[in-house]
Amino acid sequence: MAQNILLTGGSGFVGKHLTDVLIDNGFSVSVLSRTEQKNTPSITYYKWDLKKNFIEKEAILNADYIVHLAGEGIVEKRWTRKRKKAILESRTKPIELIFSILEENNKTLKGFISASAVGIYGAITSHKICIEETPPANDFLGRTCQEWESRVDKINTLGIRTVKVRTGIVFGKNEGFLKKLFRVLKQVLEPF
């Protein structure tokens, strides 16, 4: 029987591509979705609603691994106080809900992999080379990533191997940040 990988953020840019790779390599894939989705032969969809603190428990109980990719995009809208709260909570609340289901049901996983971001080192560029031991920046991105990763560390307290992957800007042909950049460049260069 194929090992089951549960994805949060499975409908996002990285999640869609990861789903294809996992299926191609013989894994069973489950995706947590905010909207009702029809199961396919290769993907099982489960419902979740962060506003109601709800995740279909079976999604967690059937998982061998969980990959946490969920999170509001940071470049889509202006960073108002409300938006900053949404950015933070969209990353931390899912982990808290997953942790509570794992703990309440004494469920173990073979691994929990969570996205994080190089934003932990701050939004200011410099020539400094950052390593894992570099302290988090004291700005919005640094504090957000620190909160995000501290929730992930709770999963590790359950004896589950836990991995944090700090990524930067994600580029893809006609997708991700590159698509947004092209849109801006087109508007800037159009008059010329």
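Thresholds applied
- Residues numbered from 1 in each chain as written.
- Predicted model: local features only at pLDDT ≥ 70, side-chain atom pairs only at ≥ 80, totals over all residues.
- Heavy atoms only, no water.
- Core = buried A, V, L, I, M, F, W, Y, C linked by side-chain atoms within 4.5 Å.
- Buried < 20%, exposed > 50% of the residue type's maximum accessible area, 1.4 Å probe, protein only.
- Helix = DSSP H or I, 4+ residues; strand = E, 2+ residues; numbered from the N terminus.
- Axes fitted to C-alpha atoms, helices over the stretch in contact; angles between N-to-C directions.
- Parallel < 35°, antiparallel > 145°, perpendicular 65-115°, else oblique.
- Contact = heavy atoms within 4.5 Å.
- Nonpolar A, V, L, I, M, F, W, Y, C, P; charged D, E, K, R; others polar.

A short note on the nonpolar core
- With 27 residues, the main nonpolar core has Ile55, Ile60, Ile66, Ile98, Phe112 and Ile155 as its most contacted residues.
- Counting residues per element, this core draws most heavily on helix α3 (residues 81-104), at six residues.
- One finds Leu7, Leu22, Val29 and Ile43 within the second-largest nonpolar core, a separate group that totals seven residues.

Digging into the packing of α3 against helix α4 (residues 140-156)
- Two elements in contact, α3 and α4, have axes whose closest approach is 9 Å; the angle formed by their N-to-C orientations is 5 degrees. Taken together, the axes of α3 and α4 lie roughly parallel to each other. Here α3 contributes Lys84, Ile87, Leu88, Arg91, Thr92, Ile95, Glu96, Ile98, Phe99 and Leu102 to the contact with α4, which in turn contributes Phe140, Thr144, Glu147, Trp148, Arg151, Val152, Lys154 and Ile155.
- The residue inventory of the contact of α3 with α4, partitioned by class, reads ten nonpolar, two polar and six charged.

Considering the side chain of asparagine 4
- With respect to the helices, strands and loops of the structure, asparagine 4 is situated in strand β1 (residues 4-8).
- Given a relative accessible area of 8%, asparagine 4 falls into the buried group.
- With near-sequence residues (within four places) excluded, asparagine 4 lies in contact with Ser28, Val29, Ser30, Asn62, Ala63, Asp64 and Tyr65.

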